Amino acid sequence: MTINTINESLDDAATDDHHDHKMTGIKRWLYTTNHKDIGTLYLWFAFIMLLTGGALAMVIRAELFQPGLQIVEPDFFNQLTTVHGLIMVFGAIMPAFTGFANWMLPMMIGAPDMALPRMNNWSFWILPFAFAILLSSFFMESGAPNFGWTFYAPLSTTYSNGSTAFFVFAVHIMGISSIMGAINIVVTIMNLRAPGMTYMKMPLFVWTFFITAYLLIAVMPVLGGVVTMLLTDTYFGTSFFDAAGGGDPVMFQHIFWFFGHPEVYIMILPAFGIVSTIIPAFARKKLFGYSSMVYATASIALLSFIVWAHHMFTTGMPLFGELFFMYCTMLIAVPTGVKVFNWVATMWRGSMTFETPMLFSIAFVILFTIGGFSGLMLALTPVDFQYHDTYFVVAHFHYVLVTGSLFSIYAGAYFWLPKWTGHMYSETLARWHFWCSLISVNLLFFPMHFLGLAGMPRRIPDYALQFADFNKWVSIGGFAFGLSQLMFLAVVIKCIKGGKKAPAKPWDGAEGLEWTVESPAPYHTFSTPPKVD
Amino acid sequence: MTTKEYESYYVPSQSHWPIIGAIALFMIAVGAANYVTDIKNETSGYGGYLLLAGIGLVIYMLFGWFNNVINESMTGKYSHQMDNSFRQGMSWFIFSEVMFFAAFFGALLYVRTFAVPWLGGAGNNVETGAVLWPEFTANWPLLKTPDGTETTSMGWFGLPLINTVLLLTSSITAHFAHISLEQNKRPQLKAWLGVTILLGLAFLFFQVLEYSHGYSDEMQLYLTSGIYGNTFYMLTGFHGMHVTLGCVMLIVMFFRILKGHFTPESHFAFQAASWYWHFVDVVWVILFVFVYIL
Ligand code: HEM
Ligand SMILES: [Cu+2]
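A short tour of the structure in this document, coming up. (Residues numbered from 1 in each chain as written. Chains lettered and ligands numbered in written order. Predicted model: local features only at pLDDT ≥ 70, side-chain atom pairs only at ≥ 80, totals over all residues. Heavy atoms only, no water.)

Observations concerning the overall build of chain A
- Along chain A, the regular secondary structure elements total 16 helices and zero strands.
- Relative to its length of 533 residues, chain A is compact, with a C-alpha radius of gyration of 23 Å against a globular reference of 24 Å.
- Per-residue burial over chain A gives 65% buried out of 533 residues.
- Across chain A, every contact between residues at least 6 apart in sequence was considered, and the portion connecting residues at least 24 apart equals 82%.
- Accessible surface computed for chain A: about 18400 Å², of which carbon and sulfur atoms make up 70%.
- On chain A, the mean spot of the 24 positive side-chain charges and the mean spot of the 28 negative ones are 13 Å from each other. (Helix = DSSP H or I, 4+ residues; strand = E, 2+ residues; numbered from the N terminus. Rg over C-alpha atoms; globule rule 2.2 N^0.38 Å. Buried < 20%, exposed > 50% of the residue type's maximum accessible area, 1.4 Å probe, protein only. Contact = heavy atoms within 4.5 Å. Areas by Shrake-Rupley, 256 points an atom, 1.4 Å probe, with all protein chains shown as cover. Lys, Arg positive; Asp, Glu negative; His and termini not counted. Charge placed at Lys NZ, Arg CZ, Asp CG, Glu CD.)

Below you can see the structure in the form of C-alpha cells.
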C-alpha cells in the first residue's frame, strides 16, 4: 500500500466513537454493525436453514424408503426436492461461509471490523426475508416451486405453478445479499490489512474467501439475469426460452450453468481455506506449499468459468462443445489434485493429534476426493450420457457438498468455537457427532453411486423394485445422519452456556492473529492494528 | 504506512437504516410477486400498493442512511482509508452491474449465433427446421418468429443515433465537471454538471419517444414480438432504468454542490455518480452496436 500521507484534518475523536457498549435485547441484533455479531447471525441462520432443509430431506427419504407412493404426492415430492436444494445451497452452505468470513477475516488480517459495516448488516438481514418468501410458497394454493433447484425452462416457465414469481423475487434478494456480502469481503481484504501483511502473507483462509468473493460478484448478477428472463417469459410473454418465439430452452441451461458451475466452487473454495488452516494446526507443521495453494485456488476459480456445459452434455451440443467442455473440466482436476497433495504432505511426518476439528478435516480430505473422482467420471462426455440425471450425480454432489463443504464447516466451527464462546466444547460429545455423522453419511450417499450406475433416475418419487434394498439402507443412513446433527446443536449450546475456560490459544499448533487475542474474542478487536512481520 | 491511518478507521455505531431497508426490500419483493401474479391471473389484489409502499420506504431509508454518511463525512470522521473502501466498493458494484448486462448480451449473442440459425436448420439441425418449423427462415433481426408473429425492426439512424451522440457528449461533460471540481472552479462545475443532467434527461425523453414509435400500429414492435422484441426491450429497458438511476444520482450531486459540499480532495459521492454515468454510457455504446447496427 502506498498511503503515506495522514489526513491531518482527522481528529482523534473518530477513534473514540467506537461503541463499546452493545445495545441489549433484540435491538442489538437488528441494528448491529459489529462483524462478530453479524457473523453469529449468519451462522445461526445457516444452521436453522440446515435443519429446515434437512427436515425436507427426511420426508424425501421416507418416501423413498420403499418403492411405490406412500407418503406424498409426486408433485409435492418435486416441491420437496426443489426447496431442499435451494435452501441447502443458498440458505445453509453459503451463509455459513459468510458467517465464517465475518467472524474471522477482520481478526485474521488485523482489521477493526468489516470495511462497510452498515452494508454488512443489510446483507444479512435481507436473507431471512428471502427465505420467508420462499418457504411461504409451501402454504400457497399452487404450492412451492417444483422444477428442481436448477429451475430448467420450460418446467419453470410454461409448466410452472403459481408461486414462480415469489421464487424469482426471493432469489433476487438472495443474490443481492451475496453480492453485497462479497463486495464487503473484497474491500475488507484489499483495504484493511494490518501494516506489513502483504498479499502473500495472508493466511490461506483469507485468500480462499477473497477469490470466492470475486466469483460471487461475477456470477450472482448472471443468476439475477436468468431469473429475470424466466420471470418475463412466464409473466410478460417474452420467449427467451421458447423456440416458438425464436428463443431456446437450452439457452436457459447455458446461462444458468454459467452461474451454476462457479457457484459450486463458491461453495468449496472457502472449505479449502478452512481445512488448510486446521490441518497445519493439528499436524504441527506449516502448510505445505502455501504459494502453490494460492495459485491452485486462483486457477480453479478461473477455470470454473469455462466448464459450465459439463452439466449439459446430453443437450445435443455440437461435438466441438462437448470436447471443449470435457477437456476443460478434466483440467480442473489438476489444481484440485495439487491441493489434496498439499494437505497430505502437510500431515506427512507431522506430530498429529486428532481433536474433532482435525477428524472432520481428515474426513473432508478423503471424502471430498471421492466426490472429486466421481466428478471426473461425470466429466467424461461419453459415460456421462449414461450417468446424467441418475443417482450417480446425486452421490457426486453430496460427497463434495456434504462431506466436503458441510464437513469443513463443522471442522471450522469446532476449531473456532473456543474463540467465539470462550469455552472449550465437550470433546466427547463432539466425537460422537463426528463418528455418527461419518458412518451415517457414507451409508446415506455411497450406495447412491451404485443406484445411479444401475440406472435409477434422480428426482422421482417411485422406483423399480430392483432398487429397493439399496434405497432402504440409504434412507436409514439419511435418518441417522439427520439425527446426528442434533448432537452438534447440543455441543454448541453446551459450549455457549459453559465449559472449561478456553485460553487465548487452545490449539498449540495454531497460527494466526486471531489467537493473539483472548477467548472469547473481545467485542472489538484490533482498533489499533497489530504489527505483522 | 503509519498506524495512525488505521487507528482512525471509522466503525459506525449501530444503525437502524439497514433493517428498515431489509423490510422495504421484503415489501417490494412480496408486492411485486403478488402484482405480477395478479396480472397474469387477471385478478386484483394489494400487490401494487405493497410494492409502492416498499419503494417509498426504500427512498426514505436511502435518505436517512446517506444523510448519516454525509454527516459523518462532513464532520471529518472518515480517513483516507475509508474513502478507499467506498471507492472500491463502488467499483465492484459497477462490475456486478456489468455482469448483469452480460447475461442479457450473452442471451442476445447466443440466439443470434446459435438458436435462430439452428431453428432454421443450420448445423446438424436440418430435421429441426424441416419437421418442426418448415415455414421458418432464419434471419436477424428476427422479424417473423417460428410461430408466425411478425414485427418490424428499429433502425439505428434517427433517434438511436441522436441518443448515442447525447450520451457520449454527456460523458464528456461529466468528465469536465469532474475536472472543474478538482480545480475548485465551482461555477464551471455547476454548469457542466447541469449540462450533463440535461443531456441525460433528453436521452430518456427520446428513449420514451422511440418506445412509443415501437408500440405504434405501424411498427408493431412489442416486448412480446419474439426474441428480437424481447432482447430489444429488455436491453434498452434495463439500460434506460440505469440511466434514470444515474440521472437521479447526478441531480442529488447537483443539489449537494449547491449546498457547498465536496472539496477538490474529497468528493467520493460525486466520483461514484460520475463512474456510474460513464458505465451507463459504455453499456449504451455496446448496445448501439449489437442491438441497433449489427
Ligand atoms: C473435481 C472436480 C469436479 C468435477 C470434475 C465435477 C464434474 C461434474 C459434472 C460433469 C457434473 C454433471 C453431471 C451430470 O449432470 O450429468 C457435476 C454435477 C454437479 N457437481 Fe460437480 N464436479 C466437481 C466438483 C464439484 C464440487 C467441488 C462441487 C460443489 C461443492 C460440485 C457440485 C456439483 C453439483 C451440485 C452438481 C449437480 C448439479 C445438478 O444437476 O443438480 N462438483 N459435477
Ligand atoms: Cu459443474
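With respect to the overall build of chain B
- Helices and strands together make up the secondary structure of chain B, namely nine helices and zero strands.
- Secondary structure elements of chain B occur, N-terminal to C-terminal, as α-α-α-α-α-α-α-α-α.
- Here the C-alpha coordinates of chain B stretch approximately 75 × 45 × 40 Å along the principal axes.
- Burial statistics for chain B: of 294 residues in total, 52% are counted as buried.
- Accessible area of chain B: about 13300 Å², with a carbon and sulfur share of 68%.
- Here chain B contributes 11 positively and 17 negatively charged side chains, and the mean placements of these two sets differ by 16 Å.

Brief notes about the coordination of the iron atom of ligand 1
Residue and element names in this part refer to chain A.
- Only one protein atom coordinates the iron atom of ligand 1: His396 (NE2), located 2.1 Å from the metal.
- A separation of 4.5 Å is found between the iron atom of ligand 1 and the copper ion (ligand 2).
- Along the polypeptide, His396 turns up in helix H14 (residues 391-421). (Donors = N, O, S within 2.8 Å, 3.2 Å for Na, K, Ca; no water.)

Details of the environment of Phe147(A)
Residues and elements named next belong to chain A.
- Here Phe147 lies in the loop between helix H5 (117-136) and helix H6 (164-191).
- Classification of Phe147 by relative accessible area gives buried; the value is 4%.
- C-alpha of Phe147 to C-alpha of Tyr159: the two residues are 12 residues apart in sequence and 8.9 Å apart in space.
- Not counting residues within four places of it along the chain, the set of residues in contact with Phe147 comprises Thr82, Tyr152, Leu155, Ser156, Ser160, Thr164 and Phe167.

As for the packing of helix H4 (residues 80-119) of chain B against helix H9 (residues 268-293) of chain B
Residue and element names in this part refer to chain B.
- Look at H4 against H9: their axes get within 10 Å of each other, and the N-to-C directions meet at 10 degrees. Our classification of the angle between H4 and H9 gives roughly parallel.
- For the contact of H4 with H9, the residue count by class is 19 nonpolar, two polar and four charged. (Axes fitted to C-alpha atoms, helices over the stretch in contact; angles between N-to-C directions. Parallel < 35°, antiparallel > 145°, perpendicular 65-115°, else oblique. Nonpolar A, V, L, I, M, F, W, Y, C, P; charged D, E, K, R; others polar.)

Topic: the coordination of the copper ion (ligand 2)
Residue and element names in this part refer to chain A.
- Here the copper ion (ligand 2) is held by the protein donor atoms His261 (ND1), His310 (NE2) and His311 (NE2), which lie 1.9 to 2.1 Å from it.
- Sequence spacing of the donors to the copper ion (ligand 2): H-x48-H-H.
- Given the relative accessible area of 5%, His261 is considered buried.
- Among the residues examined, His310 registers a relative accessible area of 14% and is labelled buried.

Section: the interface of chain A and chain B
- With 84 residues of chain A in contact, the opposing surface of chain B contributes 75 residues.
- Roughly 7000 Å² is buried in total at the junction of chain A and chain B, and carbon and sulfur atoms are behind 72% of that figure.
- Applying the counting rule to chain A against chain B returns one salt bridge.
- Arg118(A) is the partner of Glu72(B) in a salt bridge, and the nearest nitrogen-oxygen pair spans 2.9 Å.
- For the pair chain A and chain B, the number of links is nine residue pairs in polar contact (both at pLDDT 80 or more).
- Taken together, the elements giving at least two residues each to the side of chain A that touches chain B come down to helix H1 (13-16), helix H2 (25-31), H5, H6, helix H7 (204-235) and helix H8 (249-266) of chain A.
- In terms of residue count, the dominant contributor to the side of chain A that touches chain B is H7(A) (13 residues). (Buried area = accessible area lost by both parts, 1.4 Å probe. Salt bridge = Lys/Arg side-chain N within 4 Å of Asp/Glu carboxyl O. Polar contact = N/O pair within 3.5 Å; in protein donor to acceptor, adjacent residues only side chain to side chain.)

Section: unusual backbone geometry
- Note that the residue after Ala153(A), namely Pro154(A), is joined by a cis bond; omega there is 5 degrees.
- In this fold, Pro154(A) is placed in the loop between H5 and H6.
- That bond from Ser519(A) to Pro520(A) is cis: its omega, -5 degrees, falls within 30 degrees of zero.
- Tracing the backbone through its elements, the reader meets Pro520(A) in the segment after helix H16 (468-497).
- Even without glycine at this site, Arg284(A) takes up a positive phi of about 50 degrees.
- When you line up the elements, Arg284(A) lands in the loop between helix H9 (269-283) and helix H10 (290-303).
- The class of Arg284(A) is partly exposed, set by a relative accessible area of 29%.
- Backbone geometry at Asn184(B) places phi at a positive 60 degrees, although glycine is not the residue there.
- Within the element layout of this structure, Asn184(B) appears in the loop between helix H6 (159-182) and helix H7 (186-214).

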